[in-house]
Amino acid sequence: MKYYIIPVCLGLLFAACSSDKKEKEEKVVTKPTTPIYPLASVEKGGVATVLKLPAQLAAYEEVSIFPKVNGYVKSVLVDMGTKVTQGSLLMVLEAPELEQAALQAKERYARSRADFSIDKERYLRLQEAAKTAGAISPLDLSTIKAKMDADSALCNAEHANWQMQQTMLGYLRVTAPFTGVITERNVHPGALVSASAKDKPMLELKQIAYLRLQVDIPEVIAANLKSKDTVSFFVNAFPGKKMTGFITRKADNITAQYRSERMEIDVLNVDGALSPGMFADVVLYSKGNASAMYVPKSAVVTSTERKYVLLVKDGKTQKIDVSTGNETPGKIEVYGNLQPGDKVIATGSDEIKESGM
């Protein structure tokens with residue numbers, strides 16, 4: 001029996017030692033560790049960047065030409081693509097009823113003017129005769145004067161009516177309000193046009209010698225731009241061809257939906273190569289806001305609810321809400337409750353929680 005007791009005891013001893021060692025190893029493995037994140041400093045200064053924005057060319061002036069009066073189209077002297085000058089005749093309408101109304105108005109004016117002339121002559125003669133005492137009754141003199149004044153007012157009214165009818169006749173001749181090109185034609189001779197119908201214009205006229213390049217610029221960039229600043233742009237129709245212009249107009253209004261400001265750039269279109277409606281890419285060289293601060297681009301965390309950086313101060317981690325400006329692949333402007341020299345986590349993440357608060 002002695003030979004069996006010792007091996008058993010040794011086995012129990014080895015088993016106990018093995019169990020203790022395993023527990024120590026498990027304790028070492030499951031010991032929690034504190035993650036260490038690299039930090040970056042908040043620096044003061046703007047971030048220079050090149051910004052490419054979509055834009056569209058528009059006519060400097062454009063107008064949809066509708067009929068002012070009802071009538072029939074007698075002739076159309078232009079077609080789509082026709083270049084016209086200011087005041088040139090585009091169309092002729094005909095409306096016999098307007099011509100008759102103008103003739104009647106002219107006749108009524110002539111009759112009223114004749115009546116006024118007779119009354120005026122009679123009044124002057126009676127006024128001359130009234131110088132002889134008792135020759136003309138004062139009542140007769142005042143009566144004829146009142147009739148003369150009434151005929152004068154009627155004559156003026158008929159004259160105004162005749163002028164109005166003449167103006168209405170003038171609307172039968174449609175002329176170009178400015179120099180440009182006809183871009184749309186929707187009527188032909190014989191068609192009946194109505195002044196009340198506004199669904200489709202008779203003609204569309206656009207000025208293309210000058211064009212407006214319209215672009216919406218984010219508010220953080222627009223604040224640093226001013227009139228007469230030169231910008232470059234590329235038109236999709238001419239790949240690789242760089243064109244330039246200068247900012248002519250600013251809306252001075254930020255749209256609530258896109259947080260951008262509309263600006264216009266005048267473009268001289270001497271050779272007529274550009275057309276209204278063309279798409280373009282505007283290239284802006286922004287120096288950045290000198291009063292801004294910047295951090296590594298990876299330090300800014302953007303979630304569905306907020307945009308923030310993780311500030312580390314006195315061993316505490318705090319989420320600081322920021323808005324952003326210019327950016328490059330490596331850094332980005334930030335605006336918020338930060339000071340130059342503050343330390344933020346260089347690679348922020350939504351999984352990093354605030355600590356030590």
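Bear in mind the structure is a predicted one, so any value in this text is a computation, not a measurement. (Residues numbered from 1 in each chain as written. Predicted model: local features only at pLDDT ≥ 70, side-chain atom pairs only at ≥ 80, totals over all residues. Heavy atoms only, no water.)

(A) How the structure looks around the nonpolar core. Grouped together as the largest cluster of nonpolar side chains are 23 residues, with contacts concentrated most on Leu-213, Val-215, Ile-217, Phe-233, Leu-274, Val-282 and Leu-284. Residue assignment for this core shows that the elements contributing at least two residues are strand S3 (49-65), strand S10 (203-218), helix H4 (219-222), strand S11 (230-235), strand S12 (242-254), strand S13 (260-268) and strand S14 (279-286). The biggest single contributor to this core is S10, with four residues. If we ignore the near neighbours within four places in the chain, the residues touching Leu-274 are Leu-57, Leu-211, Val-235, Phe-238, Met-243, Val-267 and Asn-269. In this structure, Val-76, Ala-95, Leu-172 and Leu-205 belong to the second largest nonpolar core, which totals 21 residues. (Core = buried A, V, L, I, M, F, W, Y, C linked by side-chain atoms within 4.5 Å. Buried < 20%, exposed > 50% of the residue type's maximum accessible area, 1.4 Å probe, protein only. Helix = DSSP H or I, 4+ residues; strand = E, 2+ residues; numbered from the N terminus. Contact = heavy atoms within 4.5 Å.)

(B) Up close: unusual backbone geometry. We note that Lys-228 has phi near 80°; this positive angle belongs to a residue other than glycine. With a phi angle near 55°, Asp-314 is a residue other than glycine that sits in the positive phi range. In this fold, Asp-314 is placed in the loop between strand S17 (307-313) and strand S18 (316-327). For Asp-314, a relative accessible area of 71% corresponds to the exposed category.

(C) Inspection of the confidence of the model for the protein chain at higher detail. Per-residue confidence for the protein chain gives a mean pLDDT of 85; residues scoring 70 or more make up 90%. Least confident of the elements in the protein chain is helix H1 (residues 2-29), whose mean pLDDT is 45; most confident is strand S6 (residues 89-94), at 96. Counted against residues more than four places away or in other chains, residues 1-17, with its pLDDT under 50, gives zero contacts. (pLDDT = per-residue confidence, 0-100.)

(D) Highlighting the sheet that holds strand S9 (residues 192-193). Judged by pairing direction, the sheet is antiparallel, and its four strands sit side by side in the order S7-S6-S4-S9 without closing on themselves. Each having just a single partner strand, strand S7 (173-175) and S9 make up the two edges of the open sheet. (Pairing = 2+ DSSP bridges.)

(E) Spotlight on the packing of helix H2 (residues 96-129) against helix H3 (residues 138-170). Taken N-terminus to C-terminus, the directions of H2 and H3 make an angle of 160°; their axes are 8 Å apart at the nearest point. What the angle tells us is that H2 and H3 run roughly antiparallel. Judged by the twist between their axes, the crossing of H2 over H3 is left-handed. Class assignment for the residues of the contact of H2 with H3 results in 16 nonpolar, seven polar and 12 charged. (Axes fitted to C-alpha atoms, helices over the stretch in contact; angles between N-to-C directions. Parallel < 35°, antiparallel > 145°, perpendicular 65-115°, else oblique. Left-handed = near helix turned anticlockwise from the far one by under 90°. Nonpolar A, V, L, I, M, F, W, Y, C, P; charged D, E, K, R; others polar.)

(F) Representation of H3 in the model. The terminal C-alpha atoms of H3 lie 48 Å apart, and with 33 residues this matches the ideal 48 Å at 1.5 Å per residue to within 8%. Of all the positions in H3, only Leu-141, Ile-144, Met-148, Asp-151, Cys-155, Glu-158 and Gln-165 are classed as buried. Contact partners of the buried residues in H3: H2. (Expected span 1.5 Å × (residues − 1).)

(G) Seen up close, the pattern of salt bridges. By the definition in use, this model includes 13 salt bridges. The partner of Asp-119 in a salt bridge is Lys-147, with the nearest N and O atoms 2.9 Å apart. Of this pair, Asp-119 sits in helix H2 while Lys-147 sits in helix H3; the two residues are 28 residues apart in sequence, bridging distant segments of the chain. Relative accessible area serves as the criterion here: at 42%, Lys-147 is assigned to the partly exposed category. A cluster of three or more residues bridged by salt bridges with shared partners is formed by Arg-212, Arg-249, Glu-264 and Asp-266. (Salt bridge = Lys/Arg side-chain N within 4 Å of Asp/Glu carboxyl O.)

(H) Focus on the side chain of Asp-151. Considering the arrangement of structural elements, one finds Asp-151 in helix H3. Excluding its chain neighbours within four sequence positions, the residues that come into contact with Asp-151 are Ser-112, Asp-115, Phe-116 and Asp-119.

(I) Focus on the environment of Leu-284. The residue Leu-284 is located in strand S14 in this model. Distance in space between the C-alpha atoms of Leu-284 and Val-50 is 5.7 Å, their sequence separation being 234 residues.

(J) Looking closely at the packing of aromatic side chains. The final tally for this structure, using the stated rule, is two aromatic pairs. Measuring from ring centre to ring centre gives 5.9 Å for Tyr-60 and Tyr-210, while their planes differ by 50°; the resulting arrangement is tilted. A residue pair is termed long-range when its members are at least 10 positions apart, and Tyr-60 in strand S3 and Tyr-210 in strand S10 qualify at 150 residues. Since its relative accessible area comes to 27%, Tyr-60 is described here as partly exposed. By relative accessible area, Tyr-210 is classed as partly exposed at 41%. Ring geometry for Tyr-109 versus Trp-162: centroids 5.8 Å apart, planes at 15°, classification stacked. Of this pair, Tyr-109 sits in helix H2 while Trp-162 sits in helix H3; the two residues are 53 residues apart in sequence, bridging distant segments of the chain. Looking at Tyr-109, the relative accessible area reads 13%, which means it is buried. (Phe/Tyr/Trp six-rings, centres within 6.5 Å; stacked < 30°, edge-to-face > 60°.)

(K) Main features of the environment of Gly-71. Positionally, Gly-71 belongs in strand S4 (residues 71-76). Exposure remark for Gly-71: the relative accessible area of 4% places this residue in the buried category. Between the C-alpha atoms of Gly-71 and Leu-98, which are 27 residues apart in sequence, the distance is 9.2 Å. The contacts of Gly-71, once residues within four sequence positions are left out, are Glu-94, Ala-95, Ala-191, Leu-192 and Val-193.

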